[in-house]
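# A closer look at the structure
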Amino acid sequence: MVSMSNSSSTPSPRALTQDELKTLVGQAALEYVVPGEWVGVGTGSTVNKFIEALGSIRHKIPGAVSSSLASTERLRALGIEVREANEVDWLAVYIDGADEIDPRGCMIKGGGAALTREKIVAAQAERFICIADASKQVPVLGKFPLPVEVIPMATTRIISQFAAMGGRAVLRMAGDKPLVTDNGQHLLDVHGLKIDKPLGFESLISQWPGVVTVGVFAFQRANICLLGTDAGVQTLRFD
Ligand code: 5RP
């Protein structure tokens, strides 16, 4: 299911901070960028480290397809061309973080509210390279509240549907107003779920009317995870 190898990163005599682990995996991901090919870029604090590193090899790629306005801004600030997903047919790799990753490479994503565009760009890529610090590795998905992007008029019914399966869905706020995603929709964070069959779960929730995107990435699971640990970057390969 998963095979593991360690990179040559020098082990540190002290525990690395989460920020340092993110930097390690962000830099390690450069190895998976294919020269001459557009690269799919995710969203979040770990990806921000990757974007910084990508700046150093920007002359080797035509540019990037981005999963959020925030990542687009960072990429452009480094002189990296950003194209719309519709303008690039195929991506060799999509590189993104995760809120949780299970032993099969299935993930919960959307902590940064970008799950819909992340799933769209990931679907265009041959391989999903997940970059994460070791705290994101879990035996079963669901401890992290599951993000679900919804059409606002369906919110109350979707909250009830999650309650019927034992989940407590909370509308994500930005100050005193509901958070509005890059797609103009709202987000629920669902607490108390145990997602031990991610493929079936993703299929089911995706069919509920008003659900735009569920933050389980099982159909677009990771092919490889670069996991930041105190012993260096571990490479987990999922078959
Ligand atoms: C954004 C995401 C992020 O990949 C996820 O939240 C992890 O973020 P971070 O690298 O900041 O921990 O899915 O929607």
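Scroll up to find the structure this text is about.
Quick look at the structure, then. (Residues numbered from 1 in each chain as written. Predicted model: local features only at pLDDT ≥ 70, side-chain atom pairs only at ≥ 80, totals over all residues. Heavy atoms only, no water.)

We now examine the sheet that holds strand 6 (residues 100–101). As summarised here, the arrangement of the three strands in space is 6-7-15, forming an open sheet in which the pairing is antiparallel. Each edge of the sheet is formed by a strand with only one pairing partner; in this case those strands are strand 6 and strand 15 (216–217). Relative to strand 7 (residues 107–108), strand 6 runs antiparallel, the two being bridged by two bridges. Looking at the pairing, Ile101 lines up with Met107 of strand 7. (Pairing = 2+ DSSP bridges. Helix = DSSP H or I, 4+ residues; strand = E, 2+ residues; numbered from the N terminus.)

With that out of the way, let us pick up the nonpolar core. Here is a general trend for soluble globular proteins: nonpolar side chains tend to be buried in one another's company. Leu91, Ile101, Met107, Phe128, Cys130, Ala222 and Cys225 are the most contacted members of the largest nonpolar core, which has 24 residues in total. Looking at this core, the elements that each hand over two or more residues are strand 5 (91–96), helix 4 (115–123), strand 8 (125–133), strand 16 (224–229) and strand 17 (232–238). Tallying contributions element by element places strand 8 first for this core, with four residues. Dropping the residues within four chain positions of it, Leu91 is found in contact with Trp38, Val39, Gly40, Val65, Val121, Gln124, Ala125 and Glu126. Core analysis: the next-biggest nonpolar cluster, separate from the first, contains 23 residues, Val39, Leu54, Ala64 and Ile129 among them. (Core = buried A, V, L, I, M, F, W, Y, C linked by side-chain atoms within 4.5 Å. Buried < 20%, exposed > 50% of the residue type's maximum accessible area, 1.4 Å probe, protein only. Contact = heavy atoms within 4.5 Å.)

Another point: the sheet that holds strand 10 (residues 168–171). The strand order 10-13-9-14 describes an open sheet built from four strands, whose pairing is antiparallel. Only two strands of the sheet have a single partner each, and these edge strands are strand 10 and strand 14 (211–214). Recorded for the sheet is a direction-independent mean angle of 30° between the axes of neighbouring strands. As paired strands, strand 9 (residues 146–150) and strand 13 (residues 186–191) are joined by five bridges and run antiparallel to one another. Following the sheet pairing, Val148 is matched in strand 13 by Leu188. Along the sheet, helix 4 contacts strand 9, strand 13 and strand 14; its crossing angle with strand 14, the most-contacted strand, is approximately 70°. Packed on one face of the sheet, helix 5 (residues 155–164) meets strand 9, strand 10, strand 13 and strand 14 and runs near 15° to strand 13. (Axes fitted to C-alpha atoms, helices over the stretch in contact; angles between N-to-C directions.)

This part is about the packing of helix 1 (residues 18–28) against helix 2 (residues 45–54). Where helix 1 contacts helix 2, the two axes come as close as 8 Å, and the packing angle between them is 50°. The pairing of helix 1 with helix 2 is recorded here as oblique in orientation. Both helix 1 and helix 2 take part in a crossing whose hand is right-handed. From helix 1, Asp19, Lys22, Thr23, Val25, Gly26 and Gln27 reach across to helix 2, where they touch Ser45, Thr46, Lys49, Phe50 and Ala53. (Parallel < 35°, antiparallel > 145°, perpendicular 65-115°, else oblique. Left-handed = near helix turned anticlockwise from the far one by under 90°.)

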